[in-house]
Amino acid sequence: MEYRVGFEIKKLSNLIKKQIDRLSAESGLTGFQGYLMGYLIREGGRRDLFQRDVEKHLEISRASVTSILQLLEKNGFVRRESVETDARLKKIAVTEKGYQANDRILNSLDQMESNLKEGISTEEMEIFISVMERIKKNLEKLDY
């Protein structure tokens, strides 16, 4: 039997993305916004974050980041705060609503992860991960 590995991985990826979008929507976010909130919480706990940090991390345009952050701010998930040393800079701060949404999403993702592994033995999971690693290495060789 001929396997279309890339196609099967793409279908699996689409199914996972669909679930993540559904789980995030329950908290009023898109899957991408949920991912961004997680980044803001993780990195924001270590240092002040600014729009340029988000642009660099996500590798998307300034206009796109501006649009996403404005929507998150409008919906009460983040706020922009002035920095004492430079009034032009606005650091991004996650609100209590943002933290609560992130907690709900993380709990749902943990449950989804358990569901993904249901009925799969540890040995089967190790084989699966090993095969996925080999596939990634094969793809990396193609990256010129």
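Given the structure is predicted, the values throughout are model-derived calculations rather than measurements.

Caption draft 1: Main features of the nonpolar core. If you look at the biggest cluster of nonpolar residues, it comprises 19 residues, and the most contacted ones within it are Leu29, Leu36, Met37, Leu40, Val54, Leu72 and Val78. Elements represented by at least two residues in this core include exactly α2 (31-44), α3 (51-58), α4 (62-74), β2 (86-94) and α5 (96-117). Examining the composition of this core, we find that 5 residues originate from one element, α2, more than from any other. Sequence-distant contacts of Val78, that is, excluding residues within four places in its chain, are made with Met37, Leu40, Leu69, Leu72, Glu73, Ile92, Ala93, Val94 and Thr95.

Caption draft 2: Fine view of a nonpolar patch on the surface. Taken together, the side chains of Met1, Tyr3 and Val5 make up a nonpolar region of the molecular surface, amounting to roughly 430 Å² of accessible area. Secondary-structure assignment places Met1 in the segment before α1 (5-25).

Caption draft 3: Highlighting the layout of surface pockets. By volume, the largest pocket is sized at about 440 Å³. Along the wall of the largest pocket there are 14 residues; nearest its centre are Leu12, Ile16, Leu116, Met125 and Phe128. Contributions of two or more residues to the lining of the largest pocket are made by α1, α5 and α6 (122-142). At 6 residues, the largest contribution of residues to the lining of the largest pocket is made by α6. If you add up the space inside the second largest pocket, you get close to 200 Å³. Secondary-structure elements contributing two or more residues to the lining of the second largest pocket are α3, α4 and β2. Residues belonging to the lining of the second largest pocket are distributed by class as follows: 4 nonpolar, 1 polar and 6 charged.

How each quantity is defined
- Residues numbered from 1 in each chain as written.
- Predicted model: local features only at pLDDT ≥ 70, side-chain atom pairs only at ≥ 80, totals over all residues.
- Heavy atoms only, no water.
- Core = buried A, V, L, I, M, F, W, Y, C linked by side-chain atoms within 4.5 Å.
- Buried < 20%, exposed > 50% of the residue type's maximum accessible area, 1.4 Å probe, protein only.
- Helix = DSSP H or I, 4+ residues; strand = E, 2+ residues; numbered from the N terminus.
- Contact = heavy atoms within 4.5 Å.
- Patch = residues over 30% accessible without salt bridge, like charges linked within 9 Å, V, L, I, M, F, W, Y side chains within 5 Å.
- Areas by Shrake-Rupley, 256 points an atom, 1.4 Å probe, with all protein chains shown as cover.
- Salt bridge = Lys/Arg side-chain N within 4 Å of Asp/Glu carboxyl O.
- 1 Å grid on protein atoms, 1.4 Å probe; cavity = no way out; pocket = protein on both sides within 12 Å on 5 of 7 lines; lining within 4 Å.
- Points joined across faces, edges and corners; volume = space filled by probe spheres on them.
- Nonpolar A, V, L, I, M, F, W, Y, C, P; charged D, E, K, R; others polar.

Read these as spatial facts, not as claims about activity.
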